[in-house]
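Letter by letter, the chains look like this.
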Amino acid sequence: MTKRLFFGIEVDKPSQAQIAAWLRTQVSASKAPTKPENWHLTLAFLGQVEAQHDAELVSFARQLQVPEFTLTFAHTGYWPGKGIFYLRPEPIPSQLRALAEPLRALGSELGLHRDRLPFSPHITLFRGHKPEPRVDAPMTPFTLSVTQFHLYHSYRCDTQGLTYQPIETFRLSV
Ligand code: 2AM
């Protein structure tokens, strides 16, 4: 029995509301965005994971000692290959890399998933959107206070569709 897992940072409700309002009023798109409750920043994608690895993933994430930090989002980006339109943090604080790099390395050490591309933090707002959505006015910047991150289970269910469920929460150090 495997589960599709990833480590990520959640987008809080006020930020979801701000992004959603901006998408509605300032961005012309030809399809619906990803669901606001699914918006997150992926730290490390792990792929399909056997239950035997769960304890190791959790204990590794628990012992990371990274202080709390903030992320500011104002800029968008677009990857034409998969038609991914996203928000990206600017600047990228050292604490974000200090979280993501060991978690990404763990995935590849456990033989779970090896990322081919360097860490490129982003929040996916559209997938499969070609060409790039038209942005009439930039988003008013917002800041996320990052005090914790999660291990997420990604699955599809009949009623909710694609769901990212936090199954473990890890507090950053104060
Ligand atoms: P995203 O961060 O661009 O949205 C759960 O599927 C999360 O892991 C999603 O956030 C997704 O992309 C990311 N993800 C999915 N497949 C991936 C892959 N093969 N490599 C890296 N990240 C992936």
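Counting of residues starts from 1 at the beginning of each chain's written sequence and follows it residue by residue. For a predicted model such as this one, the threshold for reporting local features is a pLDDT of at least 70, and the threshold for listing and counting side-chain atom pairs is 80 or more; totals across whole chains, interfaces and linings nevertheless cover every residue.

S.K.: Just to check I follow, could you spell out the site of the ligand for this structure?
M.R.: Near the ligand the following residues occur: Phe6, Thr42, Phe45, Asp115, Thr124 and Ser154. Tallied by class, the residues present in the shell around the ligand amount to 2 nonpolar, 3 polar and 1 charged. Near, as applied to residues and a molecule or strand, means the residue's backbone-placed C-beta atom lies within 6 Å of it. Note on residue classes: Ala, Val, Leu, Ile, Met, Phe, Trp, Tyr, Cys and Pro are nonpolar, Asp, Glu, Lys and Arg are charged, and everything else, Gly too, is polar.

S.K.: Help me understand the sheet that holds strand β9 (residues 148-157), please; the structure alone is not making it clear to me.
M.R.: Whether parallel or antiparallel, the strands of a sheet pair through hydrogen bonds between backbone atoms. Two strands qualify as a pair provided DSSP detects at least 2 bridges between them. Elements are defined by DSSP. Helices are runs of H or I of four residues or more, strands are runs of E of two residues or more, and each kind is numbered from the N terminus. Across the sheet, 4 strands lie side by side as β3-β1-β9-β10; this open sheet has antiparallel pairing. Looking along the sheet, the strands with just one partner apiece sit at the ends: β3 (40-50) and β10 (161-171). Between one strand axis and the next, the sheet turns by 25° as a mean value, whatever way the strands run. Summarising the sheet, strand β1 (residues 2-10) and β9 pair through 5 bridges and their orientation is antiparallel. Structural elements are reduced to axes, namely lines fitted to C-alpha atoms, with helices fitted over the stretch in contact, and the angle between N-to-C directions of any two is expressed from 0 to 180 degrees.

S.K.: I tried to follow the pairing of β9 on my own but got confused; where do I start?
M.R.: If a strand is regular, its side chains alternate between the two faces of the sheet. For β9 and β10, the ladder comprises 10 bridges, and the chain directions are antiparallel. Residue Tyr155 lies in a different strand from β10, and its bridge partner there is Thr163. Two successive antiparallel strands, β9 and β10, enclose a turn made up of 3 residues.

S.K.: Can you walk me through the confidence of the model for the chain in this structure?
M.R.: Detailed reading of the predicted coordinates is not advisable wherever pLDDT is low. A residue's pLDDT is simply how confident the predictor is in it, with values from 0 to 100. In the predicted model, the chain carries a mean pLDDT of 97, and 100% of its residues have values of at least 70. Listed scores for the predicted complex are pTM 0.96 and ipTM 0.87.

S.K.: Please explain the sheet that holds strand β6 (residues 123-126) as it appears in this structure.
M.R.: In space, the 4 strands of this open sheet follow the order β6-β5-β4-β8, with antiparallel pairing throughout. Every other strand in the sheet has two partners, leaving β6 and β8 (142-146) as the edge strands with one partner each. Shown here is a sheet whose adjacent strand axes are inclined to one another by a mean of 40°, direction ignored. Pairing of strand β4 (residues 69-79) with strand β5 (residues 84-89), which is carried by 6 bridges, proceeds in the antiparallel orientation. In the sheet register, Trp79 faces β5, and the bridge partner there is Ile84.

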